[in-house]
Each structure stands twice: as structure tokens, then as C-alpha cells.
Amino acid sequence: MRLGALLGPIVNGSKHRTLADQAVNFARSGYSSLWSAQAIGRGFMITDPLQALTVAATVAPDVEVGTAVLQLPLYHPMELAHRIYSLQQIAGGRLLLGVGAGSTEADFAAYERDYEARFKTFYAHLDRLREIFADSQNALSPWPAVAQGPDLLFGTWGKKVEEAAHRFDGWIASGHYRTPDEVCAALARYRAAGGGRAIVSTLQVGADTDLGEFGAKLEQFAQAGFDDGVVMLLPGAPDAEAVRALLP
């Protein structure tokens with residue numbers, strides 16, 4: 001199983017205070033992918049995910065970059081496609097677009113979007129985004145190298161994994177709100193449905209994390225068949241190198 005890392009938020013006093021510093025450090029420590037989450041209205045600020053990945057793709061040219069995950073109902077599809085094309089100009093085929101319907105009402109309130117309609121809006125925007133990517137002559141006049149857009153991955157805690165297998169290029173599971181056993185059980189369903197790439201994300205490491213226990217959790221995900229694990233180093237967490245060393 002490959003190991004990736006979530007960027008930010010930037011913490012005062014951290015040795016790697018900028019996104020560029022973080023990205024370079026993770027890449028040098030052997031992480032294969034860099035990710036950015038999306039959260040608004042939580043009492044702290046996380047950098048816009050596509051802007052964060054633009055930085056990461058620029059300073060760490062040998063690793064993948066991806067959103068884990070982008071809340072699709074918060075965006076206008078054409079505006080989002082323009083931003084994705086622009087990021088692809090830098091990241092090329094290294095960009096993975098993880099998308100979801102969203103689950104936190106505060107995010108929708110901040111954007112003045114209808115939380116109750118989020119699933120209906122998600123599918124409408126997903127269809128429109130795919131239409132844009134399928135039309136190389138769309139209104140944005142994209143360069144041929146980026147016209148088809150990036151791979152789309154479905155972010156879900158474990159529901160609708162069959163849909164992830166049938167309609168998307170991969171699945172991003174949240175490892176934060178479910179136990180490893182629950183996540184691995186969902187992976188078995190995903191594989192049974194013919195699913196491809198599987199990523200378990202938001203594996204938090206804090207100051208009090210026992211690295212032995214955390215390493216055992218990573219090994220459980222690896223043995224279950226996940227292709228990637230994505231860690232989130234919280235303030236006071238062990239160095240990125242120590243966490244990376246938990247997987248061979």
C-alpha cells in the first residue's frame with residue numbers, strides 16, 4: 001500500500017509552515033501522493049483545495065495530487081472545470097479529483113447553498129462536469145492535453161461503494177468516522193462490485209498517537225487490499241519520516 005499525506009492547515013510554530021514546505025518535506029520523506037481536504041465554517045481555515053494542490057504540484061513534481069474530497073454541490077460546474085483544467089496544466093496526469101456530496105451543514109451555510117438538496121445537486125453537477133470534460137470543444141476551449149479532465153473518485157464513508165465501483169475511477173474512504181473493520185468490510189463490497197483503485201484517507205496522527213498501534217492499523221488496511229492510505233499529521237504529531245517508515 002502506498003502512503004500519501006494531507007496538506008495543512010498551516011500551524012503557527014510548525015517547522016514546515018507553508019504549503020510549499022509541507023509538500024517538499026512529504027515528497028522527500030517518500031510519500032507518493034499529496035492531498036487537500038475541503039472544510040469551511042469550522043472555526044479554523046483550510047486553504048482552498050485546488051489552490052493548495054497547485055502549490056504542491058509545482059514544488060513536488062514527482063508525486064500525485066488529489067482532493068479528498070471536493071464538495072461538488074458548492075461549485076458551478078463550468079467554473080470548477082476551468083479551475084481543474086488550470087491545475088492540470090501544472091499537474092498533468094498526476095491529478096486525482098475526489099468528489100462527494102458533503103456532510104457538514106456549516107459548509108453549505110457558508111456558501112449559501114441548500115444543504116437538504118445536496119445529493120440532488122451533486123448528481124446534477126457531476127453529470128454536467130462529465131459533459132464538459134467529454135466535449136473537447138466546450139466553451140472553455142481547453143488544451144487537448146487536459147480536455148478530458150482528471151480521473152474522478154467518489155468519496156464516501158462506506159455507503160454506495162457499488163456506485164463508486166461502477167461509475168467512478170476509484171473510491172476514497174474516510175478512515176476517521178468509521179472503524180478499520182467497518183472500512184475494510186466496505187472495501188470487500190467495493191472489490192466484489194469490480195471496483196478499481198481504493199484509497200483510505202484522513203488517518204489522523206496526533207501527539208498522543210501510539211505509532212505501534214497506528215502502524216498495525218496501516219497494515220490492516222494494506223492486508224485488506226487498499227491501494228493507498230492517506231495520513232493527516234496533526235499539530236505535535238511525529239515527524240513525517242517516522243510515520244512514513246511504518247510501511248515498508
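Now for a description of the structure that goes with this document. (Residues numbered from 1 in each chain as written. Predicted model: local features only at pLDDT ≥ 70, side-chain atom pairs only at ≥ 80, totals over all residues. Heavy atoms only, no water.)

## Some remarks on helix H5 (residues 118–134)
Since the α-helix advances by 3.6 residues per turn, residues separated by three or four positions end up pointing in the same direction. Heads up, the rule is: Under the DSSP-based scheme used, a helix requires at least four consecutive residues in state H or I and a strand at least two consecutive residues in state E, with every element numbered from the N terminus. Expected span, for any helix, means 1.5 Å times one less than how many residues it has. Burial classes follow relative accessibility: with a 1.4 Å probe on protein chains only, a residue under 20% of its type's maximum area counts as buried, one over 50% as exposed, and anything between as partly exposed. This arc is taken over the directions from the axis of the helix to the C-beta atoms. The contact criterion used is simple: two residues touch if any of their non-hydrogen atoms lie within 4.5 Å.
The first and last C-alpha atoms of H5 sit 24 Å apart over 17 residues, in line with the 24 Å expected at 1.5 Å per residue. Along H5, the positions that sit buried rather than exposed are Arg118, Phe122, His125, Leu126, Leu129, Ile132 and Phe133. Taken end-on, H5 shows its buried residues confined to a sector of 125°, consistent with a single buried face. Of the residues in H5, the exposed ones pointing more than 90 degrees away from the buried face are Lys120 and Ala134. Its buried side turned inward, H5 meets helix H3 (77–91), strand S4 (95–100), helix H4 (105–111), strand S5 (151–156) and helix H6 (161–167).

## Structural notes on the pattern of salt bridges
The condition is simple: Between Lys or Arg on one side and Asp or Glu on the other, a salt bridge is scored when a side-chain nitrogen of the former is within 4 Å of a carboxyl oxygen of the latter.
The final tally for this structure, using the stated rule, is eleven salt bridges. The closest approach of N and O atoms between Arg83 and Glu79, which form a salt bridge, is 3.7 Å. Placement of the pair is Arg83 and Glu79 together in helix H3, with a separation of four residues, close to one helical turn. Residue classification places Glu79 among the partly exposed positions, given a relative accessible area of 36%. The network of salt bridges with common partners includes Arg2, Glu64, Arg197 and Asp228.

## A closer look at the side chain of His125
Rule in force here: Identification of polar contacts relies on pairs of N or O atoms within 3.5 Å, with a donor-acceptor requirement for protein atoms, meaning one able to donate a hydrogen and the other able to accept it, and with residues adjacent in sequence counted only if both atoms are side-chain atoms.
Within the secondary structure, His125 is located in helix H5. Polar side-chain contacts of His125 include one of 3.3 Å to the backbone oxygen of Leu72. Aside from chain neighbours lying at most four places away, what touches His125 is Leu72, Pro73, Tyr75 and Pro77.

## Some details on the sheet that holds S5
The cut-off we apply is this: Here a strand pair is declared whenever DSSP counts at least two bridges between the two strands. For helices, the fitted line uses only the C-alpha atoms of the stretch in contact; every axis is such a line through C-alpha atoms, and the angle between N-to-C directions lies from 0 to 180 degrees.
Sheet architecture is closed into a barrel: eight strands sit in the order S1-S2-S3-S4-S5-S6-S7-S8, paired in parallel fashion. Adjacent strand axes in the sheet meet at a mean angle of 25°, parallel and antiparallel pairs treated alike. By the bridge criterion, five bridges tie strand S6 (residues 170–174) to strand S7 (residues 197–205) in an arrangement that is parallel. From the neighbouring strand, Ile172 faces S7, where its bridge partner is Ile199. Strands S4 and S5 of the sheet are contacted by H5, whose axis makes an angle of about 170° with S5.

## Points about the nonpolar core
Where we set the bar: By nonpolar core is meant a set of buried Ala, Val, Leu, Ile, Met, Phe, Trp, Tyr and Cys residues that side-chain atoms within 4.5 Å join together.
Counting residues in hydrophobic clusters, the biggest one holds 64 residues, and the most contacted among them are Leu34, Trp171 and Phe226. When residues in this core are grouped by element, the largest group, six residues, is from H3. Core analysis: the second largest hydrophobic core is formed by nine residues, Leu6, Trp35, Leu153 and Val230 among them.

Keep in mind these numbers describe shape, not what the thing actually does.
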